[in-house]
Amino acid sequence: MSAPRLVAMEIRLQWRQGFHGVYLVMTGVFLLVLAALPPELRAGGFLLVVLLDPALMGFFFAGALVLLERDQGILQFVVTRGRGFAPWWRAKVAAIGVLALVVVTALYGVASRLGFISLDAGGLASVALGLTLTLPLFFSLGVVLAAWKPRVIDYFVYSSIVLTPFMFPLLAFTGAPARWWAGYWGVVSPLWGGVVLFRGAIATAGAPAAPAITPLVAVAVASLVAWNVIAWTAAKRAFGWLAGGASGSGTAAPGTNLQPQTGARQLSRFPVRIPADLRLLLRDRITAMVLCAPILAAAVLGRGIPAILSWAAGADALPTAVIAAVTAGANNLRSFSLLLGALMYGMVGGLLYLDEKDEGVLPFLRTLPGRRGWFILRRTALLIAIHTAALPLVILTGNLLHPGVGALRFALSLAADALVIPLMFLAMGLLAANKVQGLALAKVLNILCLSPLLLAAVPDRLSWILAVVPGAWGSVIRLGASTPLQFAGASVLGLASSATLLLLLYRRACGGTRTKTWTKNIVTPLKPNRADAVRERLVEYGISADDINDAVDWARSGADE
């Protein structure tokens, strides 16, 4: 198969899995973020957005794409009948590169048209070079991680854990002194070369030609090339592991287990009867980690960042303006931490829901006696109960009490945040056909976390505009309601609108005469019974059971003659 055809097939695959729709929404969000930034920070904000999303797009989606093809047996086909790893890798990188190019072009075109940024030929050349070298590197690293953690939820969590220690070069965009990020020792991070090139786009703005090849730029390019070679070699080996695991040959990556990591035996010995949904959440180490993640996130955001700012002020490591801006938005950061925990629990519920859809469990659950949608109500109650039980520890660990916010106001805002949990997992279950699409949808739904931070950027009179975003009401109650009347209005409207949206999603998930198309998407397993598919197709052709009986009788009568 020719290379252009392979790339076209990859683009169609990404379109079907919703990746293009995700980035249509994300591009709009990026523009809103740029509009909210002060004018002097927009150029750096644009480059940071491009570096952290389109450039790293391959890393985020590599696991989803690779694991989907492994489960469908496509990787084995590539090994046995295709032309090997290299054409497959080139087609994947090219397809992701097309999507990244479209996103960056649209983002740059609109942002420059609105006057948010101004990059000339030199700056654009630096961005293009950084994007060209960074995107394939992180796709290769994503393939390696997919072989190490061969489940989508594992990949989703561990990808962030693995990448975080290498993010120190991003200090370049905070105005930190060069000694903290620009030294040649930065080559230990695969992100460093991209940061140097993207950061150079600002420095070269106004230059008449391409950016000068300074020693630092030359080392950055050499670092990216070396990292690409290392990552490509590791990805080729990981691809063999994944293809072997998909074919059942037993050559999966050492130390990995393609089956769910169950703890049913240990849980069964527990003296107290554990609810089924809780056993499902605790059967895997990774879901248990996610349930504890809000506490760790609260500690980092609520106490770690203030400690870093205090150290930075004494060490002159960050500009005074940056320290003052973050300090002034301390309550916004606290609200971000609170909302992040609710979204994490909602994501766990959504992925568990998609597991049941893929395994064909949902149709069985619907046949069991009881109230319609009882399993949805039970899971909602469990997740909210876990969230409520963890909240005191989250608040204490992260020092997340908001100074100046009364107890009643704070409690009502937390109730509005809690409604985000079922909104998140029902939206994932209804809109995503499988876990791969669920991963892409989770990326869009994570935008909900931005509402507390955007409240710090918009004027007070415009803060209520953000209330149109589901999940933002808790932050609006805490941060945007400045008078008793506004507080009462935000509380009533926030709880009522969130509850109404939740009720609509619940009715869609339960099914009904007016929700047939949605119900088909949520209750049909990923691999339905083939006999049922044949029966449905016969009905579409207008062939009934009587027609089949007549045909059989006719055939037998001819045989008797």
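(A) Region of the structure containing the overall build of the chain. The secondary structure content of the chain amounts to 26 helices and zero strands. The burial tally for the chain puts 47% of its 561 residues in the buried class. In the chain, the share of contacts with a sequence separation of at least 24, taken over all contacts with a separation of at least 6, comes to 76%. Summed over all atoms, the accessible surface of the chain reaches about 27,200 Å², with 67% contributed by carbon and sulfur.

(B) Summary view of the pattern of salt bridges. Taken as a whole and assessed by the stated rule, the structure comprises one salt bridge. Put simply, arginine 478 and aspartate 417 hold a salt bridge, and the shortest N to O gap is 2.8 Å. Highlighted residues: arginine 478 in helix H22 (residues 473-480) and aspartate 417 in helix H18 (residues 407-418), separated in sequence by 61 residues. Exposure remark for arginine 478: the relative accessible area of 2% places this residue in the buried category. Taking relative accessible area as the criterion, aspartate 417 reaches 1% and is therefore assigned buried.

(C) Main features of the environment of valine 104. Its place among the elements puts valine 104 in helix H6 (residues 85-113). Those residues in contact with valine 104 that sit more than four places away from it in its chain are Val50, Pro54 and Leu131.

(D) Inspection of helix H20 (residues 435-445) at higher detail. A large share of H20 lies buried, amounting to ten of its eleven residues. Within H20 the residues assigned to the buried category are Val436, Gln437, Gly438, Leu439, Ala440, Leu441, Ala442, Lys443, Val444 and Leu445.

(E) Main features of the confidence of the model for the chain. Predicted confidence across the chain gives a mean pLDDT of 75, with 75% of residues reaching 70 or more. Taken together, the stretch residues 246-273 has pLDDT below 50 and engages in 33 contacts with residues farther than four places along the chain or on a different chain.

(F) Representation of the side chain of serine 475. Structurally, the position occupied by serine 475 is in helix H22. Contact partners of serine 475, with chain neighbours within four places excluded, come to Ser335, Leu339, Asp417, Ser451, Pro452, Leu455 and Gly480.

(G) Seen up close, the packing of aromatic side chains. One pass over the structure, following the stated rule, counts eight aromatic pairs. An aromatic cluster is present here, built from Phe85, Trp88, Phe139, Trp232 and Phe239 joined pairwise through their rings.

(H) Local environment of the packing of helix H2 (residues 19-36) against helix H3 (residues 42-52). Relative to each other, H2 and H3 sit at 155°, their axes nearing to 9 Å. As summarised for this structure, H2 and H3 are arranged roughly antiparallel, according to the angle between their axes. In terms of crossing hand, the pair formed by H2 and H3 is right-handed. Counted together, Phe30, Leu34 and Ala35 of H2 and Arg42, Gly45, Phe46 and Val49 of H3 form the full contact between these two elements. When grouped by side-chain class, the residues that make up the contact of H2 with H3 number five nonpolar, one polar and one charged.

(I) Representation of unusual backbone geometry within the structure. The phi torsion at asparagine 399 lies on the positive side, around 55°, for a residue other than glycine. Inspection of the secondary structure puts asparagine 399 in the loop between helix H17 (374-398) and H18.

(J) Highlighting the environment of phenylalanine 60. Looking at the secondary structure, you find phenylalanine 60 in helix H4 (residues 57-71). With 379 residues separating them along the chain, phenylalanine 60 and leucine 439 place their C-alpha atoms 9.2 Å apart.

(K) Layout of the side chain of lysine 92. Within the secondary structure, lysine 92 sits in helix H6. Each residue touching lysine 92, except ones within four places of it in the same chain, is listed here: Glu10, Gln14, Leu65, Glu69 and Phe139.

(L) Representation of the environment of alanine 62 in the model. Secondary-structure assignment places alanine 62 in helix H4. A sequence separation of 81 residues divides alanine 62 from valine 143, and the C-alpha atoms of the two residues are 5.9 Å apart. If sequence neighbours within four positions are ignored, alanine 62 has contacts with Phe139, Gly142, Val143 and Tyr155.

(M) Up close: H2. Spanning 18 residues, H2 covers 26 Å between terminal C-alpha atoms, matching the ideal 26 Å at 1.5 Å per step. Listed as buried for H2 are Phe19, His20, Val22, Tyr23, Met26, Thr27, Val29, Phe30, Leu31 and Leu34. For H2, the elements touching its buried residues are helix H1 (3-16), H3, H4, H6 and H20.

Rules used throughout
Residues numbered from 1 in each chain as written. Predicted model: local features only at pLDDT ≥ 70, side-chain atom pairs only at ≥ 80, totals over all residues. Heavy atoms only, no water. Helix = DSSP H or I, 4+ residues; strand = E, 2+ residues; numbered from the N terminus. Buried < 20%, exposed > 50% of the residue type's maximum accessible area, 1.4 Å probe, protein only. Contact = heavy atoms within 4.5 Å. Areas by Shrake-Rupley, 256 points an atom, 1.4 Å probe, with all protein chains shown as cover. Salt bridge = Lys/Arg side-chain N within 4 Å of Asp/Glu carboxyl O. pLDDT = per-residue confidence, 0-100. Phe/Tyr/Trp six-rings, centres within 6.5 Å; stacked < 30°, edge-to-face > 60°. Axes fitted to C-alpha atoms, helices over the stretch in contact; angles between N-to-C directions. Parallel < 35°, antiparallel > 145°, perpendicular 65-115°, else oblique. Left-handed = near helix turned anticlockwise from the far one by under 90°. Nonpolar A, V, L, I, M, F, W, Y, C, P; charged D, E, K, R; others polar. Expected span 1.5 Å × (residues − 1).

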